[in-house]
Amino acid sequence: MTKSSVPTPRRVTSDWVAALPGFDAWKPLHLLRRIGPVVQGVSLDRTTSGDGYTPTVHVHALTREFPAITLTLGQRLEGTSGQPESVLFTKHESEYSAAVDALREQSVLPLSEEPPSLEQVVRAYHSAISASYDKGFPPAVAEMEDSVLIAAAAGRPDLVQDGLALAGELASLWPKSRLPLNWPGATEWLEGLRAKAADPGALSATVDRQIAQHKLAKVRNVVD
């Protein structure tokens with residue numbers, strides 16, 4: 001393949017959008033769709049050498065002020081060895097379709113045209129947070145907060161209560177030595193989280209600001 005025939009990032013993005021019609025092109029090599037107060041994405045992360053990309057599925061909560069779209073709950077495409085698998089730009093045309101299929105199969109959240117429900121997203125957060133604790137990783141404080149505030153912004157008090165219950169359980173188990181330096185203590189943290197969850201107007205305003213900041217108006221919102 002000649003250099004001139006190597007697909008551009010825009011072409012690669014277009015091919016992935018065609019293969020995943022439930023998503024929109026947000027930026028070159030990045031697909032998104034919005035599920036109310038959270039976005040689900042497929043990021044085609046350039047390899048270190050720049051000669052290929054590694055597909056990564058993720059979500060990002062719009063309920064907190066943040067300067068970038070995060071790769072929360074990120075899952076990179078894995079090969080049979082369990083290691084991240086990349087697609088070379090020179091082999092994109094022959095390999096991307098199989099990569100799409102493999103990513104669909106591996107993703108915890110569905111990548112089909114029918115989007116995951118908000119409950120599926122929140123439950124995925126809860127599962128990942130619990131698994132993180134079980135594996136001895138640093139406390140997933142931000143992810144725990146996001147799961148509660150996403151549910152609150154979506155008007156799901158049942159999921160808010162489930163999240164607060166998990167937060168209370170984990171706050172009593174997280175080792176103090178591994179918590180953020182500005183950690184106020186379990187009681188104050190839980191009270192603050194409850195207060196934020198009880199203010200849907202403020203959460204809605206944050207979501208609106210994040211949509212504007214990240215230019216997400218062109219990304220479809222699959223929640224009416």
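Each remark here, short or long, concerns the structure printed above.
### Here's the deal with the overall build of the protein chain
No. 1: What the protein chain contains, in helices and strands, is seven helices and six strands.
No. 2: Listed by position from the N terminus, the elements making up the protein chain come as α-β-β-β-β-β-β-α-α-α-α-α-α.
No. 3: A globule of 224 residues ought to have a C-alpha radius of gyration of about 17 Å, and the protein chain, at 19 Å, matches this closely.
No. 4: Each principal axis of the C-alpha atoms in the protein chain carries an extent, and together these give about 60 × 40 × 30 Å.
No. 5: Buried residues in the protein chain amount to 45% of all 224 residues.

### Observations regarding the pairing of strand 4 (residues 52-61)
No. 1: Where burial is concerned, most of strand 4 is hidden: 10 out of the 10 residues are buried.
No. 2: Along strand 4, one buried face is formed by Gly52, Thr54, Thr56, His58 and His60 and the opposite face, lined by Tyr53, Pro55, Val57, Val59 and Ala61, is buried too.
No. 3: Direction of pairing for strand 3 (residues 38-46) relative to strand 4: antiparallel, over a ladder of nine bridges. Looking at strand 4, one finds that Val42 is bridged to Val57.
No. 4: Taking the residues between adjacent antiparallel strands as the criterion, strand 3 and strand 4 are bridged by five residues, where Gly50 takes a positive phi near 80°.
No. 5: Sheet topology places strand 4 next to strand 6 (residues 87-88); two bridges connect them, and they run antiparallel. Directly across from Gly52, in strand 6, lies its bridge partner Leu88.
No. 6: With three bridges joining them, strand 4 and strand 5 (residues 72-76) adopt antiparallel strand pairing.

### Points about the pattern of salt bridges
No. 1: For the structure shown, the criterion picks out 11 salt bridges.
No. 2: The partner of Asp158 in a salt bridge is Arg156, with the nearest N and O atoms 2.7 Å apart.
No. 3: A single network of salt bridges, built from pairs that share partners, joins Glu119, Arg123, Arg156, Asp158 and Asp162.

### A word on the packing of helix 5 (residues 157-171) against helix 6 (residues 186-197)
No. 1: Their axes nearest at 10 Å, the elements helix 5 and helix 6 cross at an angle of 170°. Taken together, helix 5 and helix 6 sit at an angle that is classed as roughly antiparallel. Along this stretch, helix 5 crosses helix 6, giving a crossing that reads as right-handed. Residues Val160, Leu164, Ala167, Gly168 and Ala171 of helix 5 pack against Ala186, Trp189, Leu190, Leu193, Arg194 and Ala197 of helix 6.

### A look at helix 3 (residues 118-134)
No. 1: Counted at 1.5 Å a residue, the expected span for helix 3 with its 17 residues is 24 Å, and the 25 Å between its end C-alpha atoms agrees.
No. 2: Residues Leu118, Val121, Val122, Ala124, Tyr125, His126, Ile129 and Ser132 constitute the buried set of helix 3.
No. 3: Packed against the buried residues of helix 3 are strand 2 (30-35), strand 3, strand 4, strand 5, helix 4 (141-153) and helix 5.
No. 4: Backbone geometry just after helix 3 places Gly136 at a positive phi near 80°.

### Here's the deal with the side chain of Asp15
No. 1: Position of Asp15 among the secondary structure elements: in helix 1 (residues 9-19).
No. 2: Relative accessible area serves as the criterion here: at 11%, Asp15 is assigned to the buried category.
No. 3: Here Asp15 is in contact with His92 and Tyr96, once residues within four sequence places are set aside.

### Thoughts on a positive patch on the surface
No. 1: Together, Arg10, Lys27, Lys215 and Lys218 give the surface a local cluster of positive charge.
No. 2: Tracing the backbone shows Arg10 in helix 1.
No. 3: A relative accessible area of 63% places Arg10 in the exposed class.

Criteria and thresholds
Residues numbered from 1 in each chain as written. Predicted model: local features only at pLDDT ≥ 70, side-chain atom pairs only at ≥ 80, totals over all residues. Heavy atoms only, no water. Helix = DSSP H or I, 4+ residues; strand = E, 2+ residues; numbered from the N terminus. Rg over C-alpha atoms; globule rule 2.2 N^0.38 Å. Buried < 20%, exposed > 50% of the residue type's maximum accessible area, 1.4 Å probe, protein only. Pairing = 2+ DSSP bridges. Salt bridge = Lys/Arg side-chain N within 4 Å of Asp/Glu carboxyl O. Axes fitted to C-alpha atoms, helices over the stretch in contact; angles between N-to-C directions. Parallel < 35°, antiparallel > 145°, perpendicular 65-115°, else oblique. Left-handed = near helix turned anticlockwise from the far one by under 90°. Contact = heavy atoms within 4.5 Å. Expected span 1.5 Å × (residues − 1). Patch = residues over 30% accessible without salt bridge, like charges linked within 9 Å, V, L, I, M, F, W, Y side chains within 5 Å. Areas by Shrake-Rupley, 256 points an atom, 1.4 Å probe, with all protein chains shown as cover. Lys, Arg positive; Asp, Glu negative; His and termini not counted. Charge placed at Lys NZ, Arg CZ, Asp CG, Glu CD.

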